[in-house]
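Architecture at a glance
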Amino acid sequence: MRKLSILGLMCVGLLFVSTIHAQVAPGVNNAELKGDYAFSFSGMTTGGGNNSTPFAAVGRFTSDGAGNLTNGELDANGFGAMEKAVAQPFTGTYSIGADSRGVMNLNIPGGGLLAFAMMANGNAKFVEIDAAGGHGTVGSGTMEKEDTTAFSTAKITGDYAFGVAGFDQSNNRTAMAGRFTANGAGTFTNGAADVNLSGTFSTLNVFAGSYMVTDGATGRGILNMPPVAGGTPINLDFVFYVVNASKVFAMEMDALSPATPLLIGAVLRQQTPALVGFTNASLKGGMVMYGSGTGAAEAGQLQADGIGTLTLDFNGACWGEGPGTGTYAVASDGRAAIKIGGRYGVTYLVSSNQVFYILPDPCVSFGFGEPQSPGTLTNSAIAGKYAGSMTIPTYVNDFIFSGEFTADGASPTGSISGTEDIGTPSGAILGQPANATYSISSTYANGRGAMSGNIAGIVYVISPSKFVVLSSAVPTYPSLLIFEQ
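Since we're looking at a predicted model, the values are computed, not measured.

Along the chain, Val 138 falls in strand S8 (residues 136–145). Using a relative accessible area of 1% as the deciding quantity, one classes Val 138 as buried. Separated by 83 residues in sequence, Val 138 and Phe 55 place their C-alpha atoms 9.0 Å apart. When sequence neighbours within four positions are dropped, the list of residues in contact with Val 138 reads Phe 41, Gly 43, Met 44, Glu 128, Ala 131, Val 396, Ile 400, Gly 423, Thr 424 and Pro 425.

Here's what the structure looks like:
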């Protein structure tokens, strides 16, 4: 597909009208999206059949709360020349219905259309819905409110952990997780990282690099990361957009090649304990881990004792499935080595029980871990309204959706229902009802359960405001669904 944005070229005006018709009272909740936003998008483009190439974008916009977008800017990268954009300006319009489902139309060369679901904090999950006839781009992303006072190099200072993953033009997967210390003047030092390049795992030597917020009006910046793997320099150039001083969205901007795959992810400020740094005590209690490997999503729960022993229930792309026990060791910079039987993995801590993880398996497993709420988690932990979406797309023919849902928290069997907007290469499926039942228990792993119906799979509860589903109700491989209030 030829385009300069994250969006499609096919029948934009017609699709916009049909999406509006799928809403109840379109425009009534436009005020829910108001202010400055940064966004990140990961997907794939297909010209027909099952073949696809990676595509990603990062950027920002300002929403007036009345249906209009201004000050938009995005950078995009993909295999074709027409899929690349550098600081591309745009405006746009949007409409949010009574159930907080929205549609967004961006004025970018080639046109564009998104469906999104609002969360209570004003952020949103979105999917692209303009592919048709087996041609186009599908994928998902997130929009998050920006702190415009952080649009300067000086505000990016201190210790940061990062995680990025993606593919080259032949769909060989690469993932990298690590950390560095930024000085607030454009240089970072004490860099360390682990990378899985198509199943070849390496620990990178200590490295330094540079970064700069190049546009104080948009929060756009450039980061150069020249780590050394196996004695060979790998120069990676990222464009980033500032969400706040503790978070940026980053995307690899070089032309796709085996040495420079299209990586996308986030950089997060580490909450490094004073004086001693991170220790084994930084991993204590429950953590829900979720991510993806080649062709499949994964999720699980880790329980650490704070002194070096853990239990893990993990449903992985190929690293391993089921329960296990093992050990871990946390270095002062936040890198933690995990061993379970003959398997091992690496995490980089952002804060206590919050990590990027990367595994040395052929699937190039990579993802994020979040602290799990203390106490026993049962059905009552899933109750109220949630924005849901399929995140980390793993296969071009998946039904990638966003939507709004309501759960009743009933025991022994709870019910969740909602409405989805789905993007597929064959065309959008708008206003699709979804209903499921669920049961959460603490007997196998705390907060783990099962869901069946239109949404089916293994559930892991992070907190009463967030849970993930490793879904089996998709046409191909397991997919990761995230529900957040």
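Here we take up the side chain of Ser 389. Looking at the element boundaries, Ser 389 is found in strand S27 (residues 383–391). By relative accessible area, which is 4% here, Ser 389 ends up buried. Every residue in contact with Ser 389, bar those within four places of it in the chain, is listed here: Lys 125, Phe 401, Ser 402, Leu 480, Leu 481 and Ile 482.

Under the definition given, this model contains twelve salt bridges. A salt bridge links Lys 125 to Glu 484; the shortest N-O distance between them is 3.8 Å. On the criterion of sequence distance, the pair formed by Lys 125 in strand S7 (residues 124–128) and Glu 484 in strand S34 (residues 479–484) is long-range, its members being 359 residues apart. When its relative accessible area of 15% is taken as the criterion, Lys 125 is described as buried. Glu 484 sits in the buried class, given a relative accessible area of 18%. Several salt bridges converge on common partners, so that one network encompasses Lys 125, Glu 370, Lys 466 and Glu 484.

Take the sheet that holds strand S11 (residues 187–197) next. The strand order S9-S10-S11-S12-S13-S16-S17-S18 describes a closed barrel built from eight strands, whose pairing is antiparallel. Geometrically, the sheet is characterised by an average inter-axis angle of 25° between neighbouring strands, direction not taken into account. Here eight bridges tie strand S9 (residues 157–167) to strand S18 (residues 262–269), and the two strands are oriented antiparallel to one another. Counted as the bridge partner of Phe 167 is Leu 262 from S18.

Attention now moves to unusual backbone geometry. Backbone torsion omega between Ser 411 and Pro 412 reads 5°, so that peptide bond is classified as cis. Along the chain, Pro 412 falls in the loop between strand S28 (400–408) and strand S29 (414–423). Here Asn 171, not a glycine, exhibits a phi torsion of approximately 65°, which is positive. On the secondary structure map, Asn 171 appears in the loop between S9 and strand S10 (173–183). Its relative accessible area of 30% is what places Asn 171 among the partly exposed residues. Although it is not a glycine, Val 364 sits at a positive phi angle of roughly 55°. Mapping Val 364 onto the fold places it in the loop between strand S25 (354–358) and strand S26 (366–371).

Another point: the nonpolar core. Counting residues in each nonpolar core, the largest one holds 32 residues, and the members touching the most others are Ile 382, Met 451 and Phe 467. Of all the secondary-structure elements, those providing two or more residues to this core are strand S6 (113–118), S27, S28, S29, strand S30 (429–441), strand S32 (457–463), strand S33 (466–471) and S34. Setting aside residues up to four positions removed in sequence, Phe 467 forms contacts with Ile 382, Tyr 386, Ile 416, Met 451, Val 459, Tyr 460, Val 461, Ile 462, Leu 481, Ile 482 and Phe 483. Of all hydrophobic cores here, the second largest spans 27 residues; its members include Ala 193, Val 242, Leu 263 and Val 267.

This next bit is on the environment of Ser 426. Relative to the helices and strands, Ser 426 is located in the loop between S29 and S30. Judged by its relative accessible area of 60%, Ser 426 is exposed. Among the polar contacts listed, one links the side chain of Ser 426 to the side chain of Thr 424, at a separation of 3.0 Å.

This part covers the sheet that holds S33. Pairing is antiparallel in the closed barrel, where eight strands are placed in the order S27-S28-S29-S30-S31-S32-S33-S34. Averaged over all neighbouring strand pairs, the angle between strand axes comes to 30°, with direction disregarded. The pairing of S27 with S28 spans seven bridges and is antiparallel. Pairing of Gly 388 across the sheet is with Gly 403, part of S28.

Calculation rules
Once a new chain begins, its residue numbering starts again from 1 and follows that chain's sequence as written. With the structure being a predicted model, the display of local features is reserved for residues of pLDDT at least 70 and the display and counting of side-chain atom pairs for 80 or more, all residues being used for whole-chain, interface and lining totals. Values reported for side chains reflect all heavy atoms of the structure, with hydrogen atoms and water molecules removed beforehand. Secondary structure elements follow DSSP: runs of H or I of four or more residues count as helices, runs of E of two or more count as strands, with numbering from the N terminus. Relative accessibility decides the category of a residue: with a 1.4 Å probe and only protein chains considered, values under 20% of the type maximum give buried, values over 50% give exposed, and everything between is partly exposed. Only heavy atoms enter the contact rule, under which two residues are in contact if any of them lie within 4.5 Å. A carboxyl oxygen of Asp or Glu within 4 Å of a side-chain nitrogen of Lys or Arg is what we treat as a salt bridge. When DSSP finds two or more bridges between a pair of strands, those strands are recorded as paired. Every axis in this analysis is a line fitted to C-alpha atoms, fitted for helices over the stretch in contact. Angles between the N-to-C directions lie between 0 and 180 degrees. Throughout, nonpolar core names a set of buried Ala, Val, Leu, Ile, Met, Phe, Trp, Tyr and Cys residues whose side chains join them through atoms within 4.5 Å. N or O atoms closer than or at 3.5 Å make up a polar contact, with two conditions inside protein: a donor-capable atom paired with an acceptor-capable one, and, for residues adjacent in sequence, both atoms drawn from side chains.

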